[in-house]
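Here are the chains, one letter per residue:
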Amino acid sequence: MNKFSTILSLLAAAIFFGEGMQANAAEAGKQAPLRKVTTLTGWQFRKDHDWKASEGWENVKIPHDWAISGPFSIENDLQTVAVVQNGEKEASQKTGRSGGLPYMGKGCYRRNIDIETVDGGRKILLFDGAMSEARILVNGKEVFEWPYGYNSFNCDITEALKPGSNEIAVLLENRPFSSRWYPGAGLYRKVRLLEVPDVHIPVWGTFVTTPYVKDGYASVRISIPVEGASEGEILHFNTKILDNKGIAVAEKEDDRAICHGDPAVQNLTVESPELWSPENPALYTAVTLISRNGTALDSCSTKFGIRTVEFIADKGFFLNGERRIIKGVCMHHDLGPLGSAVNSSALRHQLEMLKDMGCDAIRTSHNMPAEELVELCDEMGLMIMPETFDEWDVAKCQNGYHRFFNEWAEKDVVNMVRHFRNSPSVILWSIGNEVPTQWTKEGYKIASWLQDICHREDPTREVTCGMDQFDAVVNNGFAARLDVPGFNYKPRRYTEAYGKLPQNLILGSETASTVSSRGIYHLPGEADSEGNVPAGFPDLRAASRRHPGNQSSSYDTEFCYWSNIPDVDFAADEAYPWMAGQFVWTGFDYLGEPTPYDTDSWPNHSSMFGIIDLASIPKDRYYLYRSVWNTESPTLHILPHWTWPGKEGRNIPVVVYTSYPSAELFINGVSQGIRKKSVQDCDGWNGILPSDEVLMDRYRLIWQDAVYCPGEIKVVAYDGNGRPAAEETIRTAGKPYSLKLTEFKSAWRHCGHIEGQPELIYVNVSVVDKEGNPVPCDSRLVNVNVSGNGSFKAVANGDPACLESFFKPSMHLFSGQMTVIVEAGKSSGPAVLEASAKGLRKAVIEVD
């Protein structure tokens, strides 16, 4: 083995056994030092821009969100506005619109870095996200700025450095009226120092594509730009491709002249490739070593996948040559009680829950994603549609991105595409969401411009945009300019769009907007805030309905005036062969946008759109989606609970979400009849979706006239042959007796540690009676304590109106439950979580 093969093999090992191996590789070959990456986690912080101050600093760990600790206040984001994209013509007082947290204002971070020498090599700061309007100072000199808080950026600080200690300061500012939801505040994603040789591969430089993929082999093209080389200089490139076990499956060595700034290109062949898909997320790694006259200069490793993605007119979406319906959700970037500070463990927890639901795709609404999210989607098997902007040149918010669009939009799109174009999970780029520019006469030109930038930087993927103004975009040329027309809502007009637009396929870029509060059920005979009294279950279906107490119903029949119940989108995916699929609004509840309680409705301050609530507890709707989307594991779920003191003899409809075709309901042993899902052939609809009532009978089993009597309700599900296949029972709860702790068991825990992002364990807290039955409506205060190899991190209960701190070890239950997040320690042994509440037996659990 020659010395370059030795170095390359050691570099390949570094990918699997730690970054330190790169230095060992250089030492082994007696070569020049290769690149070095240092994660900068420890910083000082203050809430102003006085970076020279000697006092008043707080020591923090990055990622850091300065606002999530609160306190909540109506004054933090009180806005009097007309939300034009929602059809509002008159301004009204919006409360909780951006979460009710103090994210506005100025902030400053500073720290020192030690530099041994400034002779030779380049020093680059890499910011994954800084919220917002970042200005970077090195030794008191401003060297860089980047306004957009959601994007990653890097800056070469070499010329501002000196040997020894150097001070880095980051100045941030979040202006009032700059966001429609909670954006977070601060250095909320990783910050790294990258040290590279003079001749090096730039940040996000390598571009791996697979221009030919068949069962027998795949052609892999690797484009490798080089900075710092002389014009016409000949460099040696050695690239190995490793499979997910670290075994080399292809290798290529070439000498290439560096001319006109063009990248070097290598073509390799992988025999019998393993194709990436959500069911089999196979990854490869390309390890490239650049050398000159026998001296190693730089190395770079790039993860990628081998797969094909196609959007085909009249046929829909194809992955690896097979048609599939995208079963996606939209996700805001906040992590509920953790705020915007990214944590790989928390993201992994969310993705695990979504995958079990049958979800296979994420739309990063409405901004560039964290690097950790994309990497996890690559590894765990979820497709992803990164999104750029919520506004272009026309404002939604007074101090929104429109202020920067003309100067910065191209730079932002370039950074996003280059950052994530090697990820196999990325199937499509989105250049915007419901931008007001879609209405304008010249809007189609801006859409074309942004789409062309994406194509220039990545010719392998198509582009969409989430459009909500159907009549405008279908008739003014805006939608026709996109590779893939994405419609936010309007499923009953999809056929019209299909007929009018040249692409002949549709993506539901945002769907449903059903609202619900976990464990809250508004019954027939109960008046809403407008005095309307639904007579029976069919009358529970309503748009923008508000209730006393500011909670939406978990019967999953309430939605926004611009949207619909989930059943309509299920039917569209099922009926139209040209549908690419959908992204539901939203996978998880998020901070801000508490629709329909967003006008004069304080203390509501978080969304109700989520399939899963802010505390990571599934709502009933989770099981509706699971019953349709998860084809590997059966679903059987009953709602509502069966503890209704004082409502004996009243009509309480019972609904079952199940993957089985039929089921029978028993109340205290007495059959209430068998319900069967409607199986009418979609072809019989003649392209027109049936009414909501008809569609609910296709996806839900409903006993509208069930009458409450304490005891138990049992559902027996039957398979396609009419044989009992599963059963589920809910019992009336007795007197509250004890707390119960249940750890979320992760199949992906301990799969890798990111500095500054500790491993987190999610533990559910609930109340049970003496027989172990859940008590569904308990709201008492629970105190928690963590000891042993772990510490208390946060707590949440999923109540969109709760103003209690996420970071105090106590909280009131909401609908009988809450979640405690435990931060794992660094030594061996378990952490011990203890929960106590007045009048109940305490509960203790060990988590490893």
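Here's what I pulled together on the structure shown here. (Residues numbered from 1 in each chain as written. Predicted model: local features only at pLDDT ≥ 70, side-chain atom pairs only at ≥ 80, totals over all residues. Heavy atoms only, no water.)

### A few points about the environment of G684
Along the chain, G684 turns up in the loop between β36 (670–676) and α11 (692–699). Residue classification places G684 among the partly exposed positions, given a relative accessible area of 45%. It is 9.7 Å that separates the C-alpha atoms of G684 and A575, two residues lying 109 residues apart in sequence. (Helix = DSSP H or I, 4+ residues; strand = E, 2+ residues; numbered from the N terminus. Buried < 20%, exposed > 50% of the residue type's maximum accessible area, 1.4 Å probe, protein only.)

### Some points on empty space enclosed by the protein
Enumeration over the complete set of coordinates arrives at 9 cavities of 30 Å³ or more. By volume, the largest cavity amounts to about 330 Å³. Y148, Y150, S178, G400 and Y401 are the residues nearest the centre of the largest cavity, which is lined by 25 residues in total. Class assignment of the residues belonging to the lining of the largest cavity gives a composition of 11 nonpolar, 8 polar and 6 charged. Of the voids in this model, the second largest cavity is the one considered here, and its volume is about 180 Å³. Lining the second largest cavity are 18 residues, with H332, H333, L347, A370 and L373 sitting closest to its centre. (1 Å grid on protein atoms, 1.4 Å probe; cavity = no way out; pocket = protein on both sides within 12 Å on 5 of 7 lines; lining within 4 Å. Points joined across faces, edges and corners; volume = space filled by probe spheres on them. Nonpolar A, V, L, I, M, F, W, Y, C, P; charged D, E, K, R; others polar.)

### A closer look at unusual backbone geometry
Note the cis peptide between W585 and T586, where omega equals -5°. Along the chain, T586 turns up in the loop between β32 (579–585) and α10 (620–629). Residues W602 and P603 are joined by a peptide bond in cis, for which omega reads 20°. Phi angles above zero are rare outside glycine, and Y489 is one such case at about 75°. Along the polypeptide, Y489 turns up in the loop between β28 (484–488) and α8 (494–500). You will see that S544, though not glycine, has its phi angle at about 55°, which is positive. Among the secondary structure elements, S544 is positioned in the loop between β30 (542–543) and β31 (558–559). Here S544 falls in the partly exposed class, since its relative accessible area comes to 31%.

### A short note on the packing of aromatic side chains
In this structure the tally under the stated criterion is 37 aromatic pairs. For the pair Y498 and W578, a centre-to-centre distance of 4.4 Å together with 5° between the ring planes defines the contact as stacked. In this pair, Y498 sits in helix α8 while W578 sits in the loop between α9 (566–575) and β32, placing the two residues 80 residues apart along the sequence. Overall, the relative accessible area of 7% leaves W578 in the buried class. (Phe/Tyr/Trp six-rings, centres within 6.5 Å; stacked < 30°, edge-to-face > 60°.)

### Considerations on the packing of helix α3 (residues 344–357) against helix α4 (residues 371–380)
In contact at an axis separation of 10 Å, α3 and α4 are set at 45° when each is read in the N-to-C sense. Considering the angle they form, α3 stands oblique to α4. Relative to α4, the crossing made by α3 is right-handed. Within the contact between the two elements, α3 uses S344, L347, R348, L351, E352 and K355 and α4 uses E372, L373, L376, C377 and M380. (Axes fitted to C-alpha atoms, helices over the stretch in contact; angles between N-to-C directions. Parallel < 35°, antiparallel > 145°, perpendicular 65-115°, else oblique. Left-handed = near helix turned anticlockwise from the far one by under 90°. Contact = heavy atoms within 4.5 Å.)

### Re the pattern of salt bridges
For the coordinates displayed, the defined rule picks out 51 salt bridges. Here E233 makes a salt bridge to R292, at a shortest N to O gap of 2.5 Å. Of this pair, E233 sits in the loop between β14 (217–224) and β15 (234–242) while R292 sits in strand β18 (residues 284–292), placing them 59 residues apart in sequence. The class of E233 is buried, set by a relative accessible area of 15%. With a relative accessible area of 29%, R292 lands in the partly exposed category. When the shortest N-O distance is used, the salt bridge between R621 and D556 registers 3.6 Å. With R621 in helix α10 and D556 in the loop between β30 and β31, the pair connects residues that are 65 residues apart, well separated along the chain. As far as burial versus exposure is concerned, R621 and D556 are alike and both buried. (Salt bridge = Lys/Arg side-chain N within 4 Å of Asp/Glu carboxyl O.)

### So, the sheet that holds strand β33 (residues 636–639)
The 3 strands lie next to each other as β33-β34-β37, forming an open sheet whose pairing is antiparallel. Sheet topology places β33 and β37 (701–703) at the edges, where each strand pairs with a single neighbour. The mean inter-strand angle of the sheet, taken between neighbouring strand axes irrespective of direction, is 15°. Pairing of strand β34 (residues 654–658) with β37, which is carried by 3 bridges, proceeds in the antiparallel orientation. Bridge pairing links V654 to W703 in β37. The strands touched by α10 within the sheet are β33 and β34, with β34 carrying the most contacts at an inclination of about 45°. (Pairing = 2+ DSSP bridges.)

### A short note on the state of the cysteines
A complete count under the given rule lists 0 disulfides for this structure. Here C377 is not cross-linked by a disulfide; its sulfur's nearest cysteine counterpart is in C359, at 8.7 Å. (Disulfide = S-S within 2.5 Å.)

### Overview of the sheet that holds strand β29 (residues 506–512)
The sheet built from 8 strands is open, its strands ordered β25-β24-β23-β32-β29-β28-β27-β26 with parallel pairing. Each of the sheet's edge strands pairs with one partner strand only, and the pair in question is β25 (383–386) and β26 (428–433). The sheet shows a mean angle of 25° between the axes of neighbouring strands, taken without regard to direction. Pairing of strand β24 (residues 361–364) with β25, which is carried by 4 bridges, proceeds in the parallel orientation. If you follow T364 over to β25, its bridge partner there is P386.

### Comments concerning the environment of G508
Here G508 shows up in strand β29. Since its relative accessible area comes to 0%, G508 is described here as buried. For the pair G508 and F583, spaced 75 residues apart in sequence, the C-alpha separation works out to 6.2 Å.

### Thoughts on the side chain of S509
Relative to the helices and strands, S509 is located in strand β29. Judged by relative accessible area, which is 1%, S509 ranks as buried. Once you skip the residues sitting within four places of it in the chain, S509 turns out to touch C330, R363, C465, G466, M467, G486, F487, N488 and F583.

### As for the pairing of strand β8 (residues 134–138)
Counted residue by residue, β8 has 4 buried out of 5 residues, so it is predominantly covered. Alignment of β8 against strand β9 (residues 141–146), held across 5 bridges, turns out to be antiparallel. If you follow L137 over to β9, its bridge partner there is E142. The turn joining β8 and β9, which pair antiparallel and follow one another in sequence, is formed by 2 residues; a positive phi near 55° is taken by N139. One ladder, built from 4 bridges, connects β8 with strand β11 (residues 164–174); its direction is antiparallel. By the bridge assignment for β11, I136 is matched with V170.

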